[in-house]
Amino acid sequence: MQDDSPTPAEAWATMLEGNARFVADAPQHPNQDAARRATLTAGQAPFATVFGCADSRVAAEMIFDRGIGDLFVTRTAGQVMDSAVLGTLEFGSHVLGIPLIVVLGHDSCGAVSSALDAHATGTLPPGHLSDVVQKVTPSVLMAHRAGVTDARGVMEHHVAATVDLLPERSRLIGERLEDGTLGIVGAAYDLANGTIREVARQGL
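Reading the values: rules and limits
Residues numbered from 1 in each chain as written. Predicted model: local features only at pLDDT ≥ 70, side-chain atom pairs only at ≥ 80, totals over all residues. Heavy atoms only, no water. Salt bridge = Lys/Arg side-chain N within 4 Å of Asp/Glu carboxyl O. Helix = DSSP H or I, 4+ residues; strand = E, 2+ residues; numbered from the N terminus. UniProt positions renumbered as here; feature names shortened; annotations may be inferred. Buried < 20%, exposed > 50% of the residue type's maximum accessible area, 1.4 Å probe, protein only. Contact = heavy atoms within 4.5 Å.

**Student:** Give me the lowdown on the pattern of salt bridges, citing residues and values where you can.
**Tutor:** Under the criterion given, the structure shown has ten salt bridges. A salt bridge links Arg57 to Asp55; the nearest nitrogen and oxygen atoms lie 2.7 Å apart. For Arg152, the salt bridge identified is with Asp190, shortest N-O distance 3.9 Å. Residue Arg152 is found in helix H7 (residues 151–169), and its partner Asp190 is found in the loop between strand S4 (183–189) and strand S5 (196–202); the two are separated by 38 residues along the sequence. Connected via shared salt-bridge partners are Asp107, Arg152, Glu156, Asp190 and Arg197.

Here is the structure:
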């Protein structure tokens, strides 16, 4: 980590400030000009990682009002993990020294809805879509055991479960979490009003 890097809590506060501007329809669009682009040709030093859903309505730089070089972003349908995703998140944490990982879910998530449908009918979707559904299904089961059956509630359980899984699946992430140089936040995005709600955290 660079000496001037923010703490995990400071990085999260900056993210929330940007989201507040986005919600208020008063974005500043920081770090989006040619001068910023030119300063980053030799390297990058993002202050936060976002592991989010691939949904086109949940573009991290827009909803957090950030610019070029600010965020290290990884997106998959339903923010499901595999070894490539873990390796990417480890690169951000271990190599770039980024102090914060934000696991970002959202309402009306197609992956969550598909997992709920598969659980209800016992039928998986075709092709590799079934891989996504099977990775979300444990969160469906966990939510149902807690009495939560609505799609938004299941999504929030899935986000919280992912926050817990990251340090379990990755020794490198777990070590930084333990030494206090990394925080992980689980957040839920509301498509209608653009707000972010925290649903889980570690290390902040």
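**Student:** With reference to specific residues and values, describe the UniProt feature "binding site: Zn(2+)" (unreviewed entry) in the chain.
**Tutor:** Per the UniProt record, "binding site: Zn(2+)" (unreviewed entry) is annotated on Cys53, Asp55, His106 and Cys109. Spanning 57 residues, the named residues form one tight spatial group whose C-alpha atoms are at most 8.9 Å apart. Looking at where Cys53 falls in the secondary structure, it is placed in strand S1 (residues 48–53). For Cys53, a relative accessible area of 6% corresponds to the buried category. For Cys53, the residues in contact, after removing those within four places along its chain, are Val58, Arg75, Thr76, Ala77, Gly78, Gln79, Leu104, His106 and Cys109. Relative to the elements of secondary structure, His106 occurs in strand S3 (residues 100–106).

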